[in-house]
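# Secondary and tertiary structure notes
One letter stands for each residue in the lines below.
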Amino acid sequence: MLDIPQEGKIRGHQRAPSDSKEFHEVTKRDALRLLENEVDRLLQTTEPARRPALQAEMGRFADLFGRFLQEEGPALDWNKIQKLPENAVMNYSNLKAPKNEQNEIRSMLDKLVVIKLNGGLGTSMGCHGPKSVIPVRSDLTFLDLTVQQIEHLNKTYDANVPLVLMNSFNTDEDTEKIVRKYKGFRVQIHTFNQSCFPRISREHFLPVAKDFDVEKDMEAWYPPGHGDFYDTFRNSGLLKKFIDEGREYCFLSNIDNLGATVDLNILNKLVGEERASTPFEFVMEVTDKTRADVKGGTLIQMENKLRLLEIAQVPKEHVDDFKSVKTFKFFNTNNIWANLAAIDRVLRERTLNMEIIVNNKTLENGLRVIQLETAVGAAMKCFDGAIGINVPRSRFLPVKKSSDLLLVMSNLYTLKNGSLVMSPQRMFPTTPLVKLGENHFSKVKEFLGRFANIPDIIELDHLTVSGDVTFGRGVSLRGTVIIIANHGDRIDIPAGAILENKIVSGNMRILDH
């Protein structure tokens, strides 16, 4: 928890001793009041027509800030963690497929809404605009693949599954232009915007924005994490619209997770003939944790509720326990199935309560700020009948770095109706571990320029590439391959080369002649 600085106090209070509880309560109240005053001043800089909507949004921001002031730090009481009950996590292999009857499957699909989190930019991969428009396979973008998947479902079963994109102020304008190209497709596309909250100075706990002109100073604002989904989905009017249409569940996932496709076996458990007598209001897809996933959120039982535990909430002395694959076997894929009526209920009853993630940032001008965020999975404990489903690893295929892009562009996968399917030639279902050097491979354009075409990696276990390395056409990588070009040196892997369990280092330049 950050200390409330001196600027956050109103002069003239009868001060209690500075280490007393009353002092801290007074200081917190002052900090909140100062913030609310500053937010009111910001609101006065907007056109009157926009003010009521922005006022409600800023009210949610002030609530979040007030809760942040009350929290005594991120850690939870480790001793309160209970053993996961037997039935807390269902095994995907025990789920039954629906009977292959068109009408049966269509009626299930007509109870579903697909929602993609589309608030992120492609900047970390060196791309402009929304991340969802980066080409990932056969010149198709994340968004193209998503639309193809849903259109295929709608055509195959004569269904009408809508696609909803939750944009941020960073991606909204570009996305609105891009979705026009899907007009002729058999998919209804809806968009809504998540909130836009002001970043707070770490020094005096006040917004760094001078006015409400977000375009003018983008750095002063931020989208407050995907936990903001529930409120903004309701406020968009879409939650009511879909409930009125008789839809029952939304399937929500990150748009860059290419494994997050509509799964009929899970849907059958929720709304089909396999549905439980008491509905599961919240389903989190988890998968087996490997050493690569030790920082990912996990499932715990606490106060007789299933809940998400993130590394930021773990007391320092228990971080190693949290990372242990033996103690916590699963991690959260952020593929979530939630009951629409239950979302409506927790919002109406104001019982939605997600842990606050404090994200410290330094702006380009050197100003240190904090942004307060929440995670969509953290709402799990607010629902009745929440469960985890232990799904195959294939349902978690995120593209965060160019090393992930190498996998999804390779012959490891084939593309079928917008979905990536692992090649049957791969002997085992795990994906290779790929590490590409940040300096030469992190930007998509640079990464693509280093491969004449993507190597054959069907038999690859582990690839590490560091330094100035290029790959000729038709290269095959098998087993464990490590290629390290020393600083100032360059390695050109020749066309047609087969590297199997090899370490290549030093300098190897292929000259044209």
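Everything numeric here is computed off the predicted structure, so don't read it as measured data.

The antiparallel open sheet is built from three strands, whose spatial order is β9-β17-β16. The strands lining the two open edges of the sheet, one partner per strand, are β9 (200–201) and β16 (357–362). The pairing of β16 with strand β17 (residues 368–373) spans six bridges and is classified as antiparallel. Each residue of the ladder has a partner; that of Ile357, found in β17, is Glu373. Against the sheet, helix α2 (residues 51–70) contacts β9, β16 and β17, and its axis sits at roughly 105° relative to β17.

This paragraph deals with the nonpolar core. If you look at the biggest cluster of nonpolar residues, it comprises 74 residues, and the most contacted ones within it are Leu109, Leu112 and Phe471. Looking at this core, the element that brings in the most residues is helix α4 (residues 142–157), giving seven residues. Residues lining this core come from more than one domain, with at least three contributed by each of domain 1 (78–193 + 224–395) and domain 2 (402–505). Leaving out residues up to four positions away in the same chain, Leu112 has contacts with Val161, Pro162, Arg247, Tyr249, Cys250, Phe251, Val262, Leu267 and Trp337. With 38 residues, the next largest nonpolar core counts Leu239, Phe242, Met284 and Ala378 among its residues.

On to the environment of Ser124, then. Inspection of the secondary structure puts Ser124 in the loop between β3 (112–118) and β4 (135–137). The class of Ser124 is exposed, set by a relative accessible area of 53%. Residues Ser124 and Lys443, 319 residues apart in the sequence, show an inter-C-alpha distance of 7.6 Å. Ignoring any residue separated from it by four or fewer positions in sequence, one finds Ser124 in contact with Lys400 and Ser442.

Here we come to the environment of Lys99. By the secondary structure assignment, Lys99 is in the loop between β2 (89–91) and α3 (102–109). A relative accessible area of 47% means that Lys99 is categorised as partly exposed. Apart from residues no more than four positions distant in its own chain, Lys99 is found in contact with Glu104, Ile105 and Glu273. Only 3.2 Å separates the side chain of Lys99 from the side chain of Glu273, close enough to count as a polar contact.

With respect to burial, strand β12 (residues 282–288) is a largely interior element, six of its seven residues being buried. Of the strand pairs in this sheet, β12 and strand β18 (residues 386–390) are connected by five bridges, and their pairing is parallel. Considered in β18, the bridge of Val283 is made with Ile387. Sheet analysis places β12 next to strand β15 (residues 330–339), joined by seven bridges and oriented antiparallel. Directly across from Val283, in β15, lies its bridge partner Trp337.

A few words on the domain arrangement of the protein chain. By the assigned domains, the protein chain splits into domain 1 (78–193 + 224–395) and domain 2 (402–505). Each of domain 1 and domain 2 was reduced to a C-alpha centroid, and the two centroids are 30 Å apart. Across the contact, 16 residues belong to domain 1 and 15 residues belong to domain 2. The interface formed by domain 1 and domain 2 contains zero salt bridges. When residues of the side of domain 1 that touches domain 2 are traced back to their parent elements, those giving at least two are β4 and α4. Per element, the largest residue contribution to the side of domain 1 that touches domain 2 is four residues, and it comes from α4. Counted by class, the side of domain 1 that touches domain 2 contains eight nonpolar, seven polar and one charged residues.

A few words now on the sheet that holds strand β14 (residues 305–309). Here we have three strands laid out as an open sheet, ordered β1-β13-β14, and antiparallel in their pairing. Each having just a single partner strand, β1 (81–82) and β14 make up the two edges of the open sheet. Pairing between β1 and strand β13 (residues 298–302): two bridges, direction antiparallel. Bridged to Gln82 within β13 is Gln301.

On to the UniProt feature "binding site: substrate" (unreviewed entry) in the protein chain. Within the UniProt annotation, "binding site: substrate" (unreviewed entry) is assigned to His226. The topology assignment puts His226 in the loop between β10 (221–222) and α6 (229–235). A residue is classified by how much of its surface remains accessible, and His226, at 25% relative accessible area, is partly exposed. Beyond its immediate chain neighbours, meaning those up to four positions away, His226 contacts Leu117, Met166, Asn254, Asn334, Thr374, Ala375 and Val376.

The subject of this paragraph is a negative patch on the surface. A surface patch of negative charge is lined by Glu47, Asp213, Glu215 and Asp217. Following the sequence through the fold, Glu47 ends up in the loop between α1 (21–43) and α2. Accessibility expressed as a relative area gives 46% for Glu47, which makes it partly exposed.

Only one face of strand β7 (residues 189–193) is buried: it carries His190 and Phe192, and the other face, with Ile189, Thr191 and Asn193, is open. Pairing between strand β6 (residues 163–167) and β7: five bridges, direction parallel. Looking across to β7, one finds that Leu165 is bridged to Thr191. On the question of chirality, the crossover connecting β6 to the parallel β7 by way of helix α5 (residues 172–178) is right-handed.

How each quantity is defined
All residue numbers here refer to positions counted from 1 along the written sequence of the relevant chain. Reporting of local features is limited, given that this is a predicted model, to residues whose pLDDT is at least 70; pairs of side-chain atoms are given and counted only at 80 or more, and all residues count toward the totals for whole chains, interfaces and linings. Excluding hydrogens and water, the side-chain values take into account all heavy atoms of the structure. Between any two strands, pairing holds if DSSP finds at least two bridges. Only DSSP runs of H or I reaching four residues or more are called helices, and only runs of E reaching two or more are called strands; each is numbered from the N terminus. We call two residues contacting when some pair of their heavy atoms lies within 4.5 Å. Interaxial angle, 0 to 180 degrees, is taken between N-to-C directions of lines fitted to C-alpha atoms, where a helix line uses only the stretch in contact. Side-chain atoms within 4.5 Å link the members of a nonpolar core, which is a set of buried Ala, Val, Leu, Ile, Met, Phe, Trp, Tyr and Cys residues. Think of it in three bands: residues with accessible area under 20% of the maximum for their type are buried, residues over 50% are exposed, and the middle band is partly exposed, with areas taken using a 1.4 Å probe on protein chains only. An automatic or database domain assignment provides the domain bounds reported here. Pairs of N or O atoms are called polar contacts if they sit within 3.5 Å, as long as, within protein, a hydrogen donor faces a hydrogen acceptor (for residues adjacent in sequence, only side-chain-to-side-chain pairs). A carboxyl oxygen of Asp or Glu within 4 Å of a side-chain nitrogen of Lys or Arg is what we treat as a salt bridge. Gly counts as polar in this scheme, as do all residues outside two lists: the nonpolar Ala, Val, Leu, Ile, Met, Phe, Trp, Tyr, Cys and Pro, and the charged Asp, Glu, Lys and Arg. UniProt positions are given in the numbering used here, feature names are shortened, and annotations may be inferred rather than shown by experiment. Like-charged residues are merged into a patch within 9 Å and nonpolar side chains (Val, Leu, Ile, Met, Phe, Trp, Tyr) within 5 Å, provided each residue has over 30% relative accessible area and no salt bridge. Using the Shrake-Rupley algorithm and a 1.4 Å probe, accessible areas are obtained, with residue cover drawn only from the displayed protein chains. Asp and Glu count as negative and Lys and Arg as positive, but His and the ends of the chain are not part of the count. A charge is said to be at NZ when it belongs to Lys, at CZ for Arg, at CG for Asp and at CD for Glu. Handedness rule for crossovers: strands pointing away from the viewer, path from the first strand over the helix to the second running clockwise, crossover right-handed.

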